[in-house]
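Read off the chains here:
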Amino acid sequence: MRGGLIEGTTEAERIEKWGEGWRERDLGLETREEGASRGKAFIDQIVHDPADNVLVVSHGAILRHLLKALVPDLDVEERLDNTAVSVLHYENGTFTCERYNCTKHLQSQD
């Protein structure tokens, strides 16, 4: 998600510059809808130039909003864990989600 004026700043720098209520100010942050729309445009490009399998890597926030935009019935309230895997299938103009926020690959194999 684009951070607008806060990109590259620390929380302390934001408070110094815009005060404690910096989150309530219009600082040009990308909205969930804008992020999902930008991500969906990228996915649409992939769909129109298909490959057998495609790996998309991004930050959790934009992925979560994108997944919701592609699969409207998907429950995305659970935040995506770092390195989590979600698997989508595209067929006949529709996306389905086979796996959401899977972290089995992080579990010990002992």
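S.K.: Help me understand the environment of Arg-2 in this model?
M.R.: Assignment of secondary structure puts Arg-2 in the segment before helix H1 (11-18). For Arg-2, a relative accessible area of 48% puts it in the partly exposed group. The sequence separation of Arg-2 and Gly-28 amounts to 26 residues, and the corresponding C-alpha distance is 8.3 Å.

S.K.: What is the right way to look at the side chain of His-65 in this model?
M.R.: By secondary structure assignment, the location of His-65 is in helix H3 (residues 60-70). His-65 sits in the buried class, given a relative accessible area of 16%. Setting aside chain neighbours within four positions, we find His-65 in contact with Met-1, Arg-32 and Ala-36.

S.K.: Would you mind showing me how to read the environment of Ala-84 here?
M.R.: The topology assignment puts Ala-84 in the loop between H3 and strand S1 (85-91). Between the C-alpha atom of Ala-84 and that of Asn-101, which follows or precedes it by 17 residues, the distance is 4.9 Å.

S.K.: Just to check I follow, could you spell out the pattern of salt bridges for this structure?
M.R.: Where charged atoms of side chains with opposite charge meet at close range, the side chains can pair. Across all of its chains, the model carries 4 salt bridges by this definition. The closest approach of N and O atoms between Asp-44 and Lys-40, which form a salt bridge, is 3.6 Å. Of this pair, Asp-44 and Lys-40 both sit in helix H2 (residues 32-48), 4 residues apart, which is roughly one turn of that helix. The class for Asp-44 is partly exposed, based on a relative accessible area of 28%. The class of Lys-40 is partly exposed, set by a relative accessible area of 30%.

How each quantity is defined
Residues numbered from 1 in each chain as written. Predicted model: local features only at pLDDT ≥ 70, side-chain atom pairs only at ≥ 80, totals over all residues. Heavy atoms only, no water. Helix = DSSP H or I, 4+ residues; strand = E, 2+ residues; numbered from the N terminus. Buried < 20%, exposed > 50% of the residue type's maximum accessible area, 1.4 Å probe, protein only. Contact = heavy atoms within 4.5 Å. Salt bridge = Lys/Arg side-chain N within 4 Å of Asp/Glu carboxyl O.

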